[in-house]
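Take a look at the letters that make up each chain.
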Amino acid sequence: MKPADNPALADDRVSPLWHAVPWLLAIAFYFMAAGYHSLGTSILVYILLTLSLDLALGYAGIITLGHAAFFGFGAYAAALFAIHVYSEPVTGIIVATVATGIFAALTGMLILHTQGVTLLMLTLAISILLAEWANRAHTITGGEDGLRVTMGYVLGLFRFDLWGRVAYLYALAVLFVWFLAAWSIVHSPFGRSLDGIRQSPARMRAIGTPVWWRLVAIYALSGAMAGTAGALSAQTTRFVGLNTLHVLISGIAVVMLVLGGTKRLYGAFIGATIYVVVQDIAAKINPFYWMFVIGGLLMATVMFLEGGLMEVLDIVRRRFRQLFARVKS
Amino acid sequence: MQTAVVILLDGLAYGMVLFIISVGLTVTMGLMRVVNLAHGAFAMAGGYVAAVLVGAGMPFFAALAVGTVAAGLLGGLSEIVIFRPLYRKGELAQVLMTFGMVFVTIAGLTFFFGTDIKRLPTPDYLSGLVDLGFRMYPAYRLFLIAVGALLAIGLWYLIEGSLYGARLRAAVDNPRMARAVGIDVNRLFTITFIGGCALAGFGGIIGADMLPLEPFYALRYLVPFLVIVAVGGNGSFKGSFVAAITLGVLDTAGKFLVPGIAPYLFFGLVFIILLLRPHGLWPAKGAG
């Protein structure tokens, strides 16, 4: 098997030092990018959302356009918990994550024996239904107006400051915890069985894998993670609105994932960063440019670069190795 | 009773528009098993072309013809350039590509026409009211129902009665077998794709009254179109007709009678149907 056939294995060949790079960059950003911390936080939120989609769509091959439902569910859960129960963020994010995970498990049980267009339809339908409900349940969700949230101190110690520095570090910590979890899931036997299910559910069933349960499990995990992303967004912006449930969020998550590269975890980092930066620049020129840019990027990725931008890095790395080998000999 | 008749007529007109637009999608998705989220873009393209032409003073029916042909040409072009390389790729690539197309059309249309609803006035002699005996009813809706019914009969004859139809049915049920007996499935697909897009354009134009033209059109009505395909069954002409009409009538009735819970009722029903019959009501035989 060529290493390119299994990116999970390809990752392992890289020197472990490389794994520190994205995190060092994130910390460097904290010290260098004064004034851009809230942009940085939204990048981290999107990375987490994309990472969650990578588990379901990239690794397990669950074709979904419904991750906005989980993102929004988590966001509203965190906001409602902070308003009505307890405003400490860490407790809130755990509650929101668990709640979204349960919601994802229940919906997953309903829909995961379908495939292809039907599955796509059902995931879309769930997110639209939820958005419709949020729009109507004015007394609970605030409807069109959304909800304003006042957050307590993180762990009772750190206050979310006006410049978003604490929020940035808080988001980074949450992302790191989930990344470790995702890493161990993907490299566990369970994760490998997902690889098999993506390639051929029938054969996996034939060798005795409980396919449906595995899919429900990863869907629930992925949903919980997307819920965390939503909760982070609600807590750090101290606001949650209907746009967190919009289909566009699902679309954006898919765009970021594919742009960065599926099935390689770090693809989410590259994809989400580039997306948010491009959107920030393009939206300043004209809000509709970014839709054009994103649509164009999507089409170009499918046509020319199926592995996403991570594949470009791979190619560059391979070229360098060849170059070094030649220089040595 | 009178309300029931009005609901039925409104629902029928709406259902006919949905049917005209999505029948091409059903057949092409069944034929090539290719996921196409951009079908609404062709309906929208037809609608915008016609709206511009009518705005420039062209008579409605001439604009209808030009818009239909334009949508068909656009469909043919994108089949060759965009869809052909997609057949071999997975569902994910198809979803992404066509989703990207939707984004690009939204941005493009906004750039040229702005975000406002593009008006497509219907001709004077169709925009009056007709006396139904117990109340007045918009003539244009009756016209829509008639056109939809005629088209459905024509298409039914085309698919059940002609050689083209026989080939199409064979290819939908079992593409590999169809190839083996010498049917050029790729050409068949191109022709069907062009036809389906032209029909979508046609539906986009005459249905502009019920589905208003605006840049987000392709995204807004994506769900009803996909529902029709999924509920009717990939590749099933009969399925798409029944699903579209049922959807139209149910949706209208829901909005009239129980406005609060209409969307839940509707999606709830779709949900149950798809859970019981994941391949739709009338799945293509090969899809099993």
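Residues numbered from 1 in each chain as written. Chains lettered and ligands numbered in written order. Predicted model: local features only at pLDDT ≥ 70, side-chain atom pairs only at ≥ 80, totals over all residues.

### Brief notes about the overall build of chain A
Then, in step 1: Helix and strand counts for chain A stand at 15 helices and two strands.
Then, in step 2: Relative to the globule expectation of 20 Å for 329 residues, the C-alpha radius of gyration of chain A, 20 Å, shows essentially globular dimensions.
Then, in step 3: The principal-axis extents of the C-alpha atoms in chain A amount to approximately 70 × 50 × 40 Å.
Then, in step 4: Of the contacts made within chain A by residues no fewer than 6 positions apart, 78% connect residues no fewer than 24 positions apart. (Helix = DSSP H or I, 4+ residues; strand = E, 2+ residues; numbered from the N terminus. Rg over C-alpha atoms; globule rule 2.2 N^0.38 Å. Contact = placed C-beta atoms within 7 Å.)

### Here's the deal with the packing of helix α6 (residues 116-136) of chain A against helix α10 (residues 222-232) of chain B
Then, in step 1: Packing of α6 of chain A against α10 of chain B leaves a shortest axis separation of 10 Å and a crossing angle of 140°. As judged from the angle between their axes, α6 of chain A and α10 of chain B are oblique. Once α6 of chain A is placed against α10 of chain B, the crossing between them reads as left-handed. Contacts from Val 117, Thr 118, Met 121, Leu 124 and Ile 128 of chain A of α6 of chain A reach α10 of chain B at Val 223, Leu 226, Val 227, Val 229 and Ala 230 of chain B.
Then, in step 2: For the contact of α6 of chain A with α10 of chain B, the per-class residue count stands at nine nonpolar, one polar and no charged. (Axes fitted to C-alpha atoms, helices over the stretch in contact; angles between N-to-C directions. Parallel < 35°, antiparallel > 145°, perpendicular 65-115°, else oblique. Left-handed = near helix turned anticlockwise from the far one by under 90°. Nonpolar A, V, L, I, M, F, W, Y, C, P; charged D, E, K, R; others polar.)

### Notes on the interface of chain A and chain B
Where interface size is given, it is often the accessible area lost as the parts come together that is meant.
Then, in step 1: Contacts between the two partners involve 30 residues from chain A and, on the opposite side, 33 residues from chain B.
Then, in step 2: Listing elements by their share of the side of chain A that touches chain B, those giving two or more residues are α6, α12 (247-260) and α14 (287-304) of chain A.
Then, in step 3: Looking at the side of chain A that touches chain B residue by residue, the classes come out as 21 nonpolar, seven polar and two charged.

### Focus: the packing of helix α9 (residues 189-199) of chain A against helix α11 (residues 211-237) of chain A
All names here are of chain A.
Then, in step 1: Running from N to C, α9 and α11 point in directions that differ by 115°, and their axes come no closer than 11 Å. If you check the angle between α9 and α11, you find them roughly perpendicular. Of the two possible hands of crossing, α9 and α11 adopt the one that is left-handed. For the pair α9 and α11, contact is made by Ser 193, Leu 194 and Ile 197 and by Val 211, Arg 214, Leu 215 and Ile 218, respectively.
Then, in step 2: Within the contact of α9 with α11, the residues separate by chemical class into five nonpolar, one polar and one charged.

### So, helix α13 (residues 266-285) of chain A
Residue and element names in this part refer to chain A.
Then, in step 1: With 20 residues, α13 should cover 28 Å at 1.5 Å per step; its first-to-last C-alpha distance of 29 Å lies within 8% of that length.
Then, in step 2: Taken as a whole, α13 has its buried residues at Tyr 266, Gly 267, Ala 268, Phe 269, Ile 270, Gly 271, Ala 272, Thr 273, Tyr 275 and Val 276.
Then, in step 3: Where α13 is buried, its residues meet α2 (20-32), α3 (37-59), α12 and α15 (309-328). (Expected span 1.5 Å × (residues − 1). Buried ≥ 20, exposed ≤ 12 C-beta atoms within 10 Å, placed from the backbone.)

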